[in-house]
Structure formats: C-alpha cells, structure tokens
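# Per-entry structural report
Residue-level listing of the chains:
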Amino acid sequence: SNLSCSLGAQAGLTIASSEISGTGFSLDGLSARSRSPDFGLHTGCLYKIPTTPFAIGPWGEYNWRAVDFKASLGPVGLTVGLGNAWALGARAGYVLPNGVMPYALIGYTRTELTLPAGTPISSDLKGWMMGGGIEVPLAKNLSFAGEARWTKYDAVDLTPVTTIPASLKTDGLSVMGRLSVTLN
C-alpha cells in the first residue's frame, strides 16, 4: 500500500525569544529555554505518490513542556511561560532509495501561556510553524526522525497586567528526536 500511518514518542528542547513592547519602550530579546526536556506523542500518515519518490501527509501531536522567562516593566515584574502544546500540520518529503526521507513541514499550534496568578489574559498562544527533518528507517516498522521547527506566535496584549499599553511577541525554536512505529 502507498499509505502508511504511525504512532511515535518524541523528546527535545525549545528555545523561545520574546519582546515586550509598548509606547516608548521595548524589551527585546528576552529568551529562555526548556527547564526540562519536552516530551510528546506524535501521529501521522504518509502517502507515497505512485511512480515518484515523493510522499505527503498530515500529522498531529501533543507535547508536555515548561519554558519560562522573567521581565520587569517598571514596578511590574512578569514571569511568562510556555507550557503544554498541541499542533496539527502537513509534511512533504523525498524518499531516497534506501528509505531515508528528508522532509519539510508546516503546521498550526496552540500553546499554554502562563502568567502570574489572577492575570486576566487568555491562557494560550496561537501560532504557525515551519521546519524540516529527516526520517530514517531502523527496522521494518520502526523509524527515527530528527526535526527542527520555528514557530511564530500571535502577539498578546499585556495591558491588563502592566496597566500601560504593552504587548508580548514570541517566537520559538524546537529541536526533537522521534521514535515511531508504523501501524500498517
């Protein structure tokens, strides 16, 4: 069959870069990395296009993670964190004769946003991601993939916390390894 589906476990790290800005000020380059490794579950399907080396398919995942940083805006100190996340997307790859497949991916994600207790701000960030990786077959129904992604999140209005007009813009870079079992 040209269609295969898999289930996998993954681990990696996330590095986030943020900017808090408002009228007359900007705190650029606030950055943080995962406090502990990210862990997740991944599923996806690939359709190998007949008579070509190309494959395409959807994927989905859920990741447990903890990334945070601290910032001060005058008298207001903020600890901001990125928590657990889910993502959906698609990937397209080129299957080499030995079964190794470099691929590119795009996707949509929602990530938990943690702010100080009682903060009247939405509890998640929405964003778009792009990246790529390489999948290597290890056995008949077992493969390993190494992947890197860049995520651009929507800006968050921090005015309810800072009492002055301010917003948070966040980008993230994630790298991970995944072990997957083909289900069919």
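Position numbers for residues count from 1 along each chain, tracking the sequence in the order it is written. Predicted model: local features are reported for residues with pLDDT of at least 70 only, side-chain atom pairs are reported and counted for 80 or more only, and whole-chain, interface and lining totals are derived from all residues. Just so you know, side-chain values use all the structure's heavy atoms and leave hydrogens and water out.

Side chains that differ in sign of charge can pair as their charged atoms come close. One side-chain nitrogen of Lys or Arg within 4 Å of one carboxyl oxygen of Asp or Glu is enough to make a salt bridge. Tallying each qualifying case throughout the model produces six salt bridges. Here Arg149 makes a salt bridge to Glu61, at a shortest N to O gap of 2.4 Å. One end of the pair, Arg149, is in strand β9 (residues 142-153); the other, Glu61, is in strand β4 (residues 54-64), and 88 residues separate them in sequence. Across this residue pair, the class does not change: Arg149 and Glu61 are buried. For the salt bridge of Asp171 with Lys152, the shortest nitrogen-to-oxygen distance reads 3.3 Å. A residue pair is termed long-range when its members are at least 10 positions apart, and Asp171 in strand β11 (residues 166-182) and Lys152 in strand β9 qualify at 19 residues. Exposed residues in this analysis have more than 50% of their type's maximum accessible area, buried residues have under 20%, and partly exposed residues fall in between, with area computed by a 1.4 Å probe over protein chains only. For Asp171, a relative accessible area of 22% gives the class partly exposed. The network of salt bridges with common partners includes Glu61, Glu147, Arg149 and Arg178. For the purposes of this entry, the term helix denotes a DSSP run of H or I that reaches at least four residues, the term strand denotes a run of E that reaches at least two, and both are numbered from the N terminus.

Pairs of aromatic rings are described using the distance from one ring centre to the other and the angle between the two planes. The pairing test for Phe, Tyr and Trp rings, Trp by its six-membered ring, is centres within 6.5 Å, and the orientation test on the planes gives stacked under 30 degrees, edge-to-face over 60, and tilted for anything in between. For the coordinates displayed, the defined rule picks out four aromatic pairs. With a centroid separation of 5.3 Å and 75° between ring planes, the pair formed by Phe54 and Tyr94 is classed as edge-to-face. Of this pair, Phe54 sits in strand β4 while Tyr94 sits in strand β6 (residues 76-94), and the two are 40 residues apart along the sequence. On the basis of an interplanar angle of 65° and a centroid distance of 5.2 Å, the ring pair of Tyr108 and Trp128 is categorised as edge-to-face. Here Trp128 lies in strand β8 (residues 124-139) and Tyr108 lies in strand β7 (residues 101-114), a separation of 20 residues in the sequence. Take Tyr108: its relative accessible area is 23%, and that puts it in the partly exposed class. The class for Trp128 is exposed, based on a relative accessible area of 57%.

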